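So you can see what is in the structure, the chains are spelled out below.
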Amino acid sequence: MLRSLFPDGRKEKSLYEGEIPDDVCSLGQFSTEMIVEGVLRCLQRIDPPSVNGLSPLLPPGMSARFRLGMSLAQACQDLGYEGEIGYQTFLYSNEQELRRLLMFLVESLPRAGAESAHQPTGKPDVLQRAIAPRIRQELATPWLPPSLRTPGLLATQGSRAIQEFCSQPLSLPGIWPAGKNIPTESKEYSDRHCPPVTEQASHSCVAASILERATIELSAVQEWDAEWNGQGLASRLSPEEYRARKCQRLQRRIREQFQRCVQLGPGAVSDSTSDLAQLLQSYGTGLASTEMKGSRFTHTERFTFTQEAETMLRPMDTVGSVHPSSKESEEGVRAQLEEEVKACEQRLEEVSLRLDEVSGDVKHLLVTITQVREEIRQAEQTAAQKEDLVGVKRRALELLPDAETNLGKLQAVIEGSAQRIVKLAHQWEKHRAPLVTQLRELKEVQSNCEHESTRKLEEIKALREKIKTSAEEAKRKEVLYRQLVTELGNLPREVGRSAYTQRILEIVSNIKKQKEEICKILSDTKDSQKEVNSLSGKLERTFAVTDELVFKDAKKDEVVRKAYKYLAALHENCSHLIRTIEESGTILREVRDLEEQIESEAGKMALGSLEKILADYKAVRQDNAALVLKLQQA
C-alpha cells in the first residue's frame with residue numbers, strides 16, 4: 001500500500017530501512033517502527049533542518065519515544081498539516097489518521113527535475129527567482145559597526161545609498177475617452193511637445209514622482225467611486241450632470257466667500273482690493289464695479305496713502321542717487337544710510353498706527369451704516385402703514401355727508417361681491433375636482449416612480465457589490481487555476497489520462513445509481529407517509545361518525561352503552577399501539593446509529609490503543625523508579 005504512494009523514478013525502494021514484508025497489505029498492519037521511520041524519511045526529503053538530530057530507529061525507553069513522537073508531530077504541523085496530530089499518531093496509530101498524514105507528506109515531497117523543467121523563463125520570473133536567494137544571503141550576513149565594514153558591506157549596510165523621498169510634478173499625455181471631442185491644442189501637445197518623464201524630473205526623483213502621480217490618480221478614482229456610490233446614486237442624476245452641479249455649487253460657495261470677505265474687510269486700502277475686484281468680476285458679480293468707483297472717503301483715503309507712500313519712496317530714491325565721492329569715506333555713507341533707514345522705520349510705524357486707526361474707524365462706520373439702514377427700513381415700513389391708514393380715513397370722511405345712500409351702495413356692492421364669490425366658488429369647485437384628481441394621480445405616479453427608483457438604486461448597489469465580489473472571486477480562482485496548472489505540470493506523466501477518466505466515469509455512474517436508489521426510497525417513504533396519513537384521517541373520521549351514532553343510542557339502551565365503552569377502549573388501545581410502534585421504530589433507528597458508531601469506534605482500535613497506553617505507562621513508571629533508585633544510590 002505504501003509503495004504505491006511513491007511515483008516511479010524514486011531512489012528509495014521503500015520507506016522502511018529493510019524490505020516491507022509481503023504479508024503487510026494495509027497501513028493497519030504497519031508497526032510503530034515502520035511508521036516512525038517512514039514519516040522521518042519523508043521529512044528529511046521535504047525539510048531536513050526540521051528533523052536534524054532525530055534517528056529513524058525507535059528508542060527503547062518510553063520517555064524518549066514520547067519526545068520523538070512530539071518532535072515529529074511538531075515538524076508536520078510546521079509543514080502545514082491541518083489534521084489532528086500528536087505523539088499518539090505514531091505510537092498508537094490509527095489507520096485513517098495515518099493514511100491522511102502519509103498522503104500529505106507524499107504530496108509535499110519535492111519533485112526532482114520537474115521543477116526546473118516547468119519553470120517559466122521570462123525576465124520577471126527570472127528576476128523573482130533571483131531575489132529570494134539574494135535576500136537570504138543578505139539576511140545571513142551579520143551586521144557590523146561602520147568602522148569594521150568592508151567596501152562590499154558598505155554598499156548594503158551603509159546609509160549612503162539611502163535617499164530622501166523627493167517628487168516633482170509630471171505632465172503626462174492625456175488618455176482621451178472614445179467619442180469625446182478632443183481639443184486640437186491638447187492633442188498636439190500630447191503627441192508632439194510633451195517631453196518624456198525622465199526629462200521632466202531628475203534621475204533620483206523619477207520613481208518617486210511616478211509613484212506620487214499614480215497614488216494621486218488612484219486616490220481620486222477611489223474618492224469618486226465612493227462619492228458616486230453614496231451621494232451620486234442618491235441624487236438620481238447622470239455622472240455628467242452630477243459633476244456640473246457640483247462645479248456650480250463650488251463656484252457659488254467661492255463667490256459667496258469672496259463677497260463676505262470684501263464686506264467684512266476694512267475697505268480699499270491697497271492694490272489688493274483692485275485685484276480682488278477683478279477676480280470677482282471674472283466670477284460675474286457686480287461688486288467689482290462698485291469697488292472700482294469707490295466713495296469720497298475711499299478716494300480721500302487712497303489719495304492720502306498714495307502721498308505717504310510717495311514720501312516713503314523719496315528717501316529711497318535719494319539713497320539710490322547717492323554716489324560717494326572720493327572725499328566721503330565709506331563710514332559716513334554707512335551712517336547716513338542707517339539714519340535714513342531709522343527714519344523710514346519710524347515713518348512706517350506711524351503709517352501702520354494710522355492704518356490701524358483708520359481700519360477701526362472704517363469698521364465702526366460700517367456697523368453704524370448697517371444700523372442706520374435698518375432704522376431707515378423700519379421707518380419706511382411704519383410710514384407705509386400710516387399712509388394706508390390715512391387713505392382709508394380720508395375715503396371715509398369723503399363718504400360721510402351722504403351716509404345713507406353710500407351705505408345702500410356699499411350693501412349692494414357687498415351683496416354683489418358675495419354672489420360673485422359664491423359663483424366663483426362654484427366655478428372653482430368645477431375646476432378643482434379634476435385638478436385634485438389629477439394631482440392625486442400624479443402624486444401616486446411620483447410615489448411609484450420614487451419607489452421604483454429606490455428599488456433600482458438598491459439593485460444597482462447590490463449589483464456593484466456582487467460585481468466586486470465576483471471580481472475578487474475571479475481573481476482568487478485565477479490564482480488557484482494557475483497553481484493547479486503548475487501542479488498538473490509537475491505531476492508525473494506515467495499514468496495515462498484514460499485511467500483517470502474511466503475511474504471518474506465509474507464514480508459518476510455509481511453516484512447516479514445511488515441517487516436513483518435514494519430517490520426511489522424517498523418516493524416510497526412519501527407514498528407510505530401519504531397512505532399512513534390518509535388511513536389515520538379515515539380512522540379518525542370513522543371513529544367520530546361511529547362515536548356520534550353509538551352515543552345517540554347509548555342514552556336509551558344499556559347494551560349500546562356498553563358497546564360505546566368498548567368502542568372508546570378499543571380506540572384508545574389502538575392509539576396506544578400506534579404510538580408504541582412509532583416509538584419502537586425510533587428506537588430501532590437509534591440502535592442502528594449506535595451500532596454504526598460502535599463499528600467506527602471499533603475500527604479505530606481504541607481498546608488496543610488503551611492497552612498499549614497502559615503498558616507504556618507502567619513501563620514509564622518502572623523507568624522513573626529505576627532512575628530514582630540510581631539517584632538515591634549516587
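Above this text sits the structure in question.
Residues numbered from 1 in each chain as written. Predicted model: local features only at pLDDT ≥ 70, side-chain atom pairs only at ≥ 80, totals over all residues. Heavy atoms only, no water.

K.L.:
Sorry if this is basic, but what is going on with the overall build of the chain here?
P.N.:
The helix and strand tally for the chain stands at 19 helices and 0 strands. With 634 residues in all, the chain has 14% of them scored as buried. For the chain, the exposed surface amounts to about 50,200 Å²; the carbon and sulfur share of it is 58%. (Helix = DSSP H or I, 4+ residues; strand = E, 2+ residues; numbered from the N terminus. Buried < 20%, exposed > 50% of the residue type's maximum accessible area, 1.4 Å probe, protein only. Areas by Shrake-Rupley, 256 points an atom, 1.4 Å probe, with all protein chains shown as cover.)

K.L.:
Even after reading the chapter, I still don't get a nonpolar patch on the surface, so can you show me in this structure?
P.N.:
Residues L127, I131, I135 and L139 make up a contiguous nonpolar surface patch of roughly 420 Å² in combined accessible area. Along the chain, L127 falls in helix α6 (residues 123–140). On the basis of relative accessibility, which here comes to 54%, the residue L127 falls in the exposed class. (Patch = residues over 30% accessible without salt bridge, like charges linked within 9 Å, V, L, I, M, F, W, Y side chains within 5 Å. Salt bridge = Lys/Arg side-chain N within 4 Å of Asp/Glu carboxyl O.)

K.L.:
I tried to follow the side chain of H571 on my own but got confused; where do I start?
P.N.:
Inspection of the secondary structure assignment puts H571 in helix α18 (residues 558–603). Not counting residues within four places of it along the chain, the set of residues in contact with H571 comprises E540 and F543. (Contact = heavy atoms within 4.5 Å.)

K.L.:
Would you explain the nonpolar core in this entry?
P.N.:
The nonpolar side chains of a soluble globular protein tend to be buried, and buried together. If you look at the biggest cluster of nonpolar residues, it comprises 25 residues, and the most contacted ones within it are V39, L43, C76, F90, L101 and L105. Going through the elements one at a time, α1 (32–46), α2 (62–79) and α4 (95–108) are the ones with two or more residues in this core. When residues in this core are grouped by element, the largest group, 7 residues, is from α1. Sequence-distant contacts of V39, defined by excluding residues within four places in its chain, comprise C76, F90, L101, L102 and L105. (Core = buried A, V, L, I, M, F, W, Y, C linked by side-chain atoms within 4.5 Å.)

K.L.:
I keep staring at the packing of aromatic side chains and nothing clicks. Help me out?
P.N.:
Counted under the stated rule, the structure contains 5 aromatic pairs. Centroid distance W224 to Y242: 6.0 Å. Interplanar angle 45°. Geometry classified as tilted. Of the two residues, W224 is situated in helix α10 (residues 206–234) and Y242 in helix α11 (residues 239–264); the sequence distance between them amounts to 18 residues. Classification of Y242 as buried rests on a relative accessible area of 2%. Between F551 and Y564, the ring centres sit 5.7 Å apart and the planes meet at 55°, which makes this aromatic pair tilted. Of this pair, F551 sits in helix α17 (residues 497–554) while Y564 sits in helix α18; the two residues are 13 residues apart in sequence, bridging distant segments of the chain. Overall, the relative accessible area of 40% leaves F551 in the partly exposed class. (Phe/Tyr/Trp six-rings, centres within 6.5 Å; stacked < 30°, edge-to-face > 60°.)

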